[in-house]
Amino acid sequence: MRSAFLLSLCTLIGLQAPAQLRVVELNKLYHQFNNGAELPAERNFMVNTPIDPRITMVAMQVNNKSFRHGSYLFESVWEKGAQQASVAQLISHYKLRQNASYSFRFLYYRDITAAERRQMEEWLTQTCYASLQASISEKRSNYKLQSSPHAIYRLLNYTLREGLAHYRQRKQFQGGNEFSELVQLQIKSTVKQKVDAGLDGVTNIGNLKEQIAAEVRMIVNTYDYIIEEEFEVLDYATEKLNSALALNIGYGGIYRSGDINNLSYFDAPYAGVSFSFGNRIFSSNFWNNTSLSAGVFLKNFKPSPTTEVSGPLVNLPLYAAFGYRVFNYFKINAGAAVMEERLNGNKRIEVQPFVGLSLEMYLWMGFNKRR
C-alpha cells in the first residue's frame, strides 16, 4: 500500500514548461486587452498598441492604483527611430501578481518643433522670473526674502518640473532637471546685497536671472518629445494561476536517546507536503527556499518484541519541520516527530527531534493552465 502511495505521488508530478513571452493587443475603443482577456501574471509580456504616423515614442506605465499622484511601479518605453511602424511594442518586465488588478497609462509622444521649443523656453523663463519676483522684495536698501533660500530654490524647481510635465527627453537628464546649486547660492547671497538700482537693476538679482535663463535653455534643449495623447486602462484584472503543491519524499532519522557515542534513533523514509514562506517571483531566494513541511513516516518502528512505535490519527509517525532547499530539488529538513508508543495495551504520545533529506517536487493543481 505504501509503495503504491509513493508511485502515485511520483506519477502526479508536473514539470513547469518554459515561459514564453505573451503578446497582448490594446483595444483603445473598449479600454481592453485582447478583447477583455485577463493579463498574464508572474511573467513578462508584450503590449502592442496602434500609433498615429506622427507618434515617435510611446511610454507605458504600470501601477496598482490610479495615476492621480503621478507615481507608478514600472515604465516601458518604445521609440520609433528610423523604422516605419504603425504599432508600438512595449515589453513589461514587471511581473504582475495573479488574481489582482492593475492600471495602465499610455503616453503617446511626437517630436517637438523648433517653434514649440522656443515657446517652452520663453514660458518657463518668465514663470521662474515671476516665482522669483514673488519671493524677493525690497526693504529699505536691502532685499528681503519671503521664505528661506532653500524654500525659494525648491519653488523654482517645482515650477520647472510642472512646466516640463508634458515633455519628454530621449535620455534622462543626469542633473535631474533641476537648477544647479549655483542658483541656490546666489539666492542666499541676495540678502547681503544692496538694492541700489532696484529689483530689476544690474545687481545680484540680474545675475541670478541670467543664470536661471541659461539653465532653463540648457534643460529645454535636452527635451525631444511632447505628449500628443494620453490613454488609461484602470483596474484591469490579471489571470488566476493554478497553484502548485510541493511534495517531499525523503529519508530521515528520529532521535530516541543517548549521546554521540551511544546514539539510539529510528530511521525511515517519509513523505509529505511543504508550504513555502515566499513566492518564487516576488520574494528573495532565502524565503523562496525556506518552507514548513508536514507529513508521515512510511513505516512503524518496533524497538522490542513487545513495543511498537506508531503515530496518532493515521497509524504512522507524524512529522513537522522547517526545510531549506539546496541544489534546486533537495531539502534539508529539521523538526519534530510525533509518535505513539504502544506497550502491553498502553499508549503513550512522545515528541522527538528529527532531521532528514528530501526530494521536493511539484504537483500542479489544474493541468489546463499549467505553464
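Being a predicted model, the structure only gives us computed values, none of them experimental.

1. Side note on the overall build of the protein chain
When helices and strands are counted, the protein chain shows six helices and 19 strands. Buried positions account for 42% of the 371 residues belonging to the protein chain. Considering only contacts in the protein chain between residues 6 or more positions apart, those separated by 24 or more positions represent 68%. Total accessible area computed for the protein chain in this model is approximately 20800 Å², and 54% of it derives from carbon and sulfur atoms.

2. Some remarks on the packing of helix H2 (residues 114–135) against helix H3 (residues 149–163)
When two helices pack together, you describe them by how their axes are tilted relative to each other and by the distance separating the axes. Direction vectors running N to C along H2 and H3 enclose 155°, while the axes themselves pass 10 Å from each other. Classified by the interaxial angle, the pair formed by H2 and H3 is roughly antiparallel. In this structure, H2 crosses over H3, and the sense of that crossing is right-handed. Between H2 and H3, the residues in contact are Trp123, Leu124, Thr127, Cys128, Ser131, Leu132 and Ser135 and Ile152, Leu155, Leu156, Thr159, Leu160 and Gly163, respectively. Taken together, the residues of the contact of H2 with H3 break down into eight nonpolar, five polar and no charged.

3. Some points on the sheet that holds strand E5 (residues 74–79)
Strands sit in the order E5-E4-E7-E11-E10 across an open sheet of five strands; the sheet is antiparallel. The strands lining the two open edges of the sheet, one partner per strand, are E5 and strand E10 (167–169). Adjacent strand axes in the sheet meet at a mean angle of 30° when their direction is disregarded. As defined by bridge partners, strand E4 (residues 57–63) adjoins E5 across six bridges and the pair is classed as antiparallel. Counted as the bridge partner of Gln61 is Glu75 from E5.

4. Examining the pairing of strand E7 (residues 101–111)
Among the eleven residues that make up E7, nine are buried, leaving the element largely enclosed by the rest of the structure. Of the strand pairs in this sheet, E4 and E7 are connected by seven bridges, and their pairing is antiparallel. Bridge pairing in E7 links Asn63 to Ser103. Sheet analysis places E7 next to strand E11 (residues 223–237), joined by ten bridges and oriented antiparallel. Note that in E11 the partner of Phe106 across the bridge is Phe231.

5. Re the pattern of salt bridges
According to the stated counting rule, one finds 17 salt bridges in the structure shown. Here Glu228 and Arg54 are joined by a salt bridge, their closest N and O atoms 2.4 Å apart. A residue pair is termed long-range when its members are at least 10 positions apart, and Glu228 in strand E11 and Arg54 in the loop between strand E3 (45–50) and E4 qualify at 174 residues. Exposure remark for Glu228: the relative accessible area of 33% places this residue in the partly exposed category. Its salt-bridge partner being Glu308, residue Arg342 comes within 3.9 Å of it at the nearest N-O pair. Of the two residues, Arg342 sits in strand E18 (residues 330–343) while Glu308 sits in strand E16 (residues 307–310), which places them 34 residues apart along the sequence. What emerges from the salt-bridge pattern is a single network uniting Asp52, Arg54, Arg110, Glu116 and Glu228.

So, how was this worked out
Residues numbered from 1 in each chain as written. Predicted model: local features only at pLDDT ≥ 70, side-chain atom pairs only at ≥ 80, totals over all residues. Heavy atoms only, no water. Helix = DSSP H or I, 4+ residues; strand = E, 2+ residues; numbered from the N terminus. Buried < 20%, exposed > 50% of the residue type's maximum accessible area, 1.4 Å probe, protein only. Contact = heavy atoms within 4.5 Å. Areas by Shrake-Rupley, 256 points an atom, 1.4 Å probe, with all protein chains shown as cover. Axes fitted to C-alpha atoms, helices over the stretch in contact; angles between N-to-C directions. Parallel < 35°, antiparallel > 145°, perpendicular 65-115°, else oblique. Left-handed = near helix turned anticlockwise from the far one by under 90°. Nonpolar A, V, L, I, M, F, W, Y, C, P; charged D, E, K, R; others polar. Pairing = 2+ DSSP bridges. Salt bridge = Lys/Arg side-chain N within 4 Å of Asp/Glu carboxyl O.

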